[in-house]
Number of protein chains: 2
Amino acid sequence: MSAGFRTFNPIKNDWNPEVYQNTTQDEYNHKLSLIAEAQRFLGRQTPEKRAALLQVIAACLSQKKELIKGFYLAESGLSETRFEMEWNRTIHTISHFATHLTTDFQAVKTECFPSESLQIQKHKLPIGPVLVLGSSNFPLAYSTAGGDTVSAIAAGCCVIVKAHPMHVGTSIAVANCIIEAIKKMNFPLGIFTHLIDEGYQLAQALCIDDRIKAIGFTGSIKGGKALMDIAQSRSNPIPVFAEMGSLNPVLIHTDLSKEMETEFAQKLALSITNDAGQFCTKPGVIFVRTLNSGNHFVQELKNALSLIKPVPMLHPQIHRNFEERKKEVLSIPGVQSFSCAIAAKGIEGTWCLAETTLQDFASNSSLQEEVFGPFALLVYYQDVAALNQVLESLPGQLTGSVFFREHDSQIDEWTELLCTKVGRIILNGVPTGVRVVETMHHGGPFPASSDVRFTAVGQDSINRFQKDVSIQSQNIT
Amino acid sequence: MSAGFRTFNPIKNDWNPEVYQNTTQDEYNHKLSLIAEAQRFLGRQTPEKRAALLQVIAACLSQKKELIKGFYLAESGLSETRFEMEWNRTIHTISHFATHLTTDFQAVKTECFPSESLQIQKHKLPIGPVLVLGSSNFPLAYSTAGGDTVSAIAAGCCVIVKAHPMHVGTSIAVANCIIEAIKKMNFPLGIFTHLIDEGYQLAQALCIDDRIKAIGFTGSIKGGKALMDIAQSRSNPIPVFAEMGSLNPVLIHTDLSKEMETEFAQKLALSITNDAGQFCTKPGVIFVRTLNSGNHFVQELKNALSLIKPVPMLHPQIHRNFEERKKEVLSIPGVQSFSCAIAAKGIEGTWCLAETTLQDFASNSSLQEEVFGPFALLVYYQDVAALNQVLESLPGQLTGSVFFREHDSQIDEWTELLCTKVGRIILNGVPTGVRVVETMHHGGPFPASSDVRFTAVGQDSINRFQKDVSIQSQNIT
C-alpha cells in the first residue's frame, strides 16, 4: 500500500489530517465485476422506481448534511453560505429529476398500423454504465451526487464516480449516502461505484474499460479533450459529455443610463470575484466601447471591485495556476491592470481586472483563453463591426451576456451572433448562477462543451445518457 | 479539366454515356462562400417556412419524376418496383418532416419566474451547415434528397451534398429540383450545395472545412470510422452521424409450428435476396438450434431460396467486393454453402446461404462481419446459454429479429439482450423495410452507427442537427 494522500484546507492553509488510499487493482476488478448485473437490474426498473431511488438518496444525504458540510468546508475553503447554496442545488437537482421521471418523462411511444397488423414501440433506455469525473469547483453539485450522477441514474444507468482528489473526503461521505440509499431500496450495489485515485491513471483505465458506455466530465478544456480523444480511440467509441472552459463574454451597450451602469458594474464585480471567481460561468471578458477616457461604467466596476476582499482559492495548485495565468496575461504588451490592493494571505486569490484594446485581444490567443479565478479582461472597442468580427472568430462559449437599456436592432444582432457561439444568452444579467430548470441549457459549441447538442444541467441532461430502441411486433391484432 | 468519369449501367453491364466532371477548387470556393449568409437566413425562418420549402422541394421533384427515374434505373440497375418504393419513401419523408414542423415541433419552451423578474426561453436552433454523404444503395431515400438532407433542412441547416459517384446523374437531377425549389421560395442558393468528386478528396476537404458543423453519412464501417476520426481531429470537433454496417442477427425459436417455419423461411429468403440483398438491414446471420439433421425451417429456407433468380448488383465494384467477401467466408474451414444454381450474368450477385456452427462463428471474426449482398449465414447452436454468450459478445447492430410462436420467457430474455445490442428489434418480422414514422429508430450501438443516441430515420432524426440555446431575460415584468 502506498503512503496515501491528503486533502488541503484552504482556510487553514494546511493539509487535512485524513489519509486516503487509491483504489487497488483488486478493488477495481471486484467493483467493476458487479456492474453488468446491476445494469440489467436498473434497466428493468420503471421510471417511478428510479425516482424512488433518487428520493431515498436525497433523504440519506439530508441525514448526513452536517458530516458532509464538515468535509466540504475543510476541503474547499468555500463559505457556509456557498455550502448552503450548493447543498440546496444538489437536493433540488435530485427532486427535479424525480419529478421529471414521475410526470412528463415518456418512457415509451407507441404507434399502431392495424392494416398491417403491426405495432412499433420506441423505448427510452439507459445507454449503460456512466463514468462521472466531477469538478474541482463544485464538490457537491457537479461531483459525486451532482448533475451527471443524478441524470445518469434517472436515465437508468449505473454510475462509476472517480472522486476528485481535492475533495475526496466529501466524495466518500456523499458516496456512502448513495450506497446506503441503494441498500435501503434493496437494489444491487453495482448501481453505484466509488473509486479513488490521486492521479490520472484510474480515469484513463476507466475510459478504455469496455464496461463503460458514456462519460460525464466537468473540468478543463485540456482534460476534456484528452478524454474525448481516448473515448474516440476505443475499438467501440463512446460518447463523452465534457463541460469545459469558457470566457463568457459580456457586451455593454452604449445606451445604458448612469444608474444602470452603476447597477450592472456592481453585479459584474460580484460575479467576477464571488467564491474567488471559480465558476465556469464567471464573466471573463467584458467588451466596452471607448467613449472617453473616464468611462463611467468602467469606473463604477473598479469602484465596486475595490471594496472586495480576497478569499482563499480551492487548492494550492489552483492558486498557482491562477497566479501563473494572470502573470502570463499581464505580461502581454498593452495589457494594463487594476488589482486588489489588500495583500493576499495563504492561497487567497488576488482579484484582477485587466484592460486591453480589441486589436490586442484579437491578436493574442492567450487573452482569448480562460483565466480560472477572480479575473476579468476589459476589452475596449471603437467600432461595432470590428467587435462583431472578433466575436465571430471566438471559439465556443458557455454563455454570453448583453447589458442594455432599449432592446434595439443592436441587441438583435448580438443575440443572433451569440446564438452561434454560446449555449446561453443572458440579457441584463450576469452569467453565474445556473438554474436547474427545464429551459436551462448549460453547454455550448466546442470547446465550451464536447457536444453542442447536449446540456449538463436541467432535465434535458438525461438525454446524454439515454438511447432509443424500437420494438416492432408483427401480427399484433 | 480531367477526362471526367461515367456511371455504370448494371442491366446493360456497360458504362452510361454521360461524362461528369469533378467540382473544381474555384467552384468549391465560390459555392462554400455562399453558405454563411444562407445559414443566417435559414436560421431566421420559422418552422412553417422551412416546412414550406420542403413541400416545394417535393413538388419540384414530382415534376421531374420521369427524368429522375431514367437516371435512377440506368445508374442502379434496380427495378421499377423498387424505384416506386424508394420514390414514395423519399416524398413521404419530406412530407413527414413538413408535418412535424407544422404540428408537434416545439421551437421554443418558455419558463417564467415572476418573483425574480426572470424569463428563460430555450430555443431549438440549427447546428449549422451539414455535409451529407449519401449511400450507394439508396440513390434517392438515403442520398441527395434523402433522410439526412431533409432532416437537416427541417432543422434549419444548410446542406452540402457530395454526390455519390455511382449515381451522380440521379444526384444532379434531384439537386436541380432542390435548387429550383429554393429559387421559387426566393431563398438564398447557399442553402443547398451540390458537389461532385469521383474519389474521396473532396469529402475529406469538406470534413475539415471550418464552415461544416455536422456530417451525415450512410455507408461502410471503414468509411464511417474514417469520417469520425477526421471530424474528431479538427481543432473544433464536430458531430458525425454515420449509419454503417450490420449483421442483423435473426433468432429462430424452437417452438415454431411447421406452418410458421415455412412462412418465415419464405419471408427471410426474400429479405436476404431482394434487390440483391443490398440493404443495411438485410438479415445476415440466422441462429437455428440443431435439433436434427433435417431441420424443417432450414429446408424450407433452402427451398424458398432455390426459386430465386440472381439480379444485377449496383456496380462492378460492389459485385467484386461481394464475390471476394463471399469467397473469404466460404474458405473458412467448417463453413458449408448452398448457392444459387443459375449461372450469373454480368454483375449479377449469386445468392448464397452459408452454414456453420456457433463455435466456428464465435471464433472467426470474419464471419461476424457484414457480407454486403445476397448472402446469409446459418449458425447452428445446441445450447441457448452458449448462444446468448455469443450474442453478448457481438458488436452493435442496426436490428435483431426473433421468430417464435409463444411469447415465453425465452423471448423476454432475447429481447432484453438485444436491447443492449441493436437499435430495432423485430418480433416475427424481417428487418428490411424501415418505416418513416415517429417511433422508428434506425441506428444502433457502434459500429452499426457512430452514436447510439440518434436515429437516421423518422422525425427524431432532426435531433442530430439541432442544438438548444437558452435566452435568459432579467427584469421582464
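Above this text is the structure in question.
Described in the following lines is the structure provided in the data block. Given the structure is predicted, the values throughout are model-derived calculations rather than measurements. (Residues numbered from 1 in each chain as written. Chains lettered and ligands numbered in written order. Predicted model: local features only at pLDDT ≥ 70, side-chain atom pairs only at ≥ 80, totals over all residues. Heavy atoms only, no water.)

Our next topic: the overall build of chain A. Scanning chain A for helices and strands turns up 15 helices and 19 strands. Structurally, chain A occupies a C-alpha span of about 75 × 65 × 40 Å along its principal axes. By residue count, 62% of the 477 residues in chain A fall in the buried class. Once local pairs closer than 6 in sequence are excluded, the contacts in chain A between residues at least 24 apart make up 76%. Across chain A, 41 positive and 47 negative side-chain charges occur, with their mean positions spaced 6 Å apart. (Helix = DSSP H or I, 4+ residues; strand = E, 2+ residues; numbered from the N terminus. Buried < 20%, exposed > 50% of the residue type's maximum accessible area, 1.4 Å probe, protein only. Contact = heavy atoms within 4.5 Å. Lys, Arg positive; Asp, Glu negative; His and termini not counted. Charge placed at Lys NZ, Arg CZ, Asp CG, Glu CD.)

We now examine the pattern of salt bridges. Taken as a whole and assessed by the stated rule, the structure comprises 44 salt bridges over all chains. Arg40 of chain A is the partner of Glu37 of chain A in a salt bridge, and the nearest nitrogen-oxygen pair spans 2.9 Å. Linking Glu37 of chain A with Arg40 of chain A, this pair stays in helix H2 (residues 35–44), spanning 3 residues, or about one helical turn. Among the residues examined, Arg40 of chain A registers a relative accessible area of 34% and is labelled partly exposed. In this structure, Glu323 of chain B and Lys326 of chain B form a salt bridge, with 3.4 Å as the shortest nitrogen-oxygen distance. Residue Glu323 of chain B and its partner Lys326 of chain B are both found in helix H12 (residues 316–330); the two are separated by 3 residues, about one turn of the helix. (Salt bridge = Lys/Arg side-chain N within 4 Å of Asp/Glu carboxyl O.)

Superposition of the two copies of the chain requires a rotation about an axis together with a shift along that axis. Least-squares fitting of chain A to chain B yields an RMSD of 0.0 Å, with the transformation described by 0.0 Å of translation along the axis and a rotation of 180 degrees. In the structure described here, the two chain copies are related by an operation that fits a two-fold rotation axis. The rotation axis passes nearest to the C-alpha of Gln232 of chain A in chain A, at a distance of 3.9 Å. Both copies present the same face, since 100% of the interface residues in chain A are matched by interface residues at the equivalent positions in chain B. (Least-squares fit on C-alpha atoms with pLDDT ≥ 70 in both.)

Here we take up the sheet that holds strand E6 (residues 159–162) of chain A. All names here are of chain A. In space, the 5 strands of this open sheet follow the order E7-E6-E5-E8-E9, with parallel pairing throughout. The open sheet has two edge strands with one neighbour each: strand E7 (192–195) and strand E9 (240–243). Averaged over neighbouring strand pairs, the angle between their axes works out to 15 degrees when direction is ignored. With 4 bridges connecting them, strand E8 (residues 214–218) and E9 associate as parallel partners. Paired with Thr218 across the strands is Glu243, a residue of E9. Its contacts with the sheet place helix H7 (residues 168–184) against E6 and E7, and it is angled at close to 160 degrees to E7. (Pairing = 2+ DSSP bridges. Axes fitted to C-alpha atoms, helices over the stretch in contact; angles between N-to-C directions.)

What follows is about the pairing of strand E10 (residues 249–252) of chain B. All names here are of chain B. Neither face of E10 is exposed, since Pro249 and Leu251 on one face and Val250 and Ile252 on the opposite face are all buried. With 3 bridges connecting them, E10 and strand E11 (residues 285–289) associate as parallel partners. By the bridge assignment for E11, Leu251 is matched with Phe287. At this point the chain moves from E10, through helix H10 (residues 258–273), to the parallel E11, and the crossover so formed is right-handed. Here 3 bridges tie E10 to strand E17 (residues 397–403), and the two strands are oriented parallel to one another. From the neighbouring strand, Val250 faces E17, where its bridge partner is Ser401. (Right-handed = clockwise from strand over helix to strand, strands pointing away.)

Taken by themselves, the reported measurements are silent on function.
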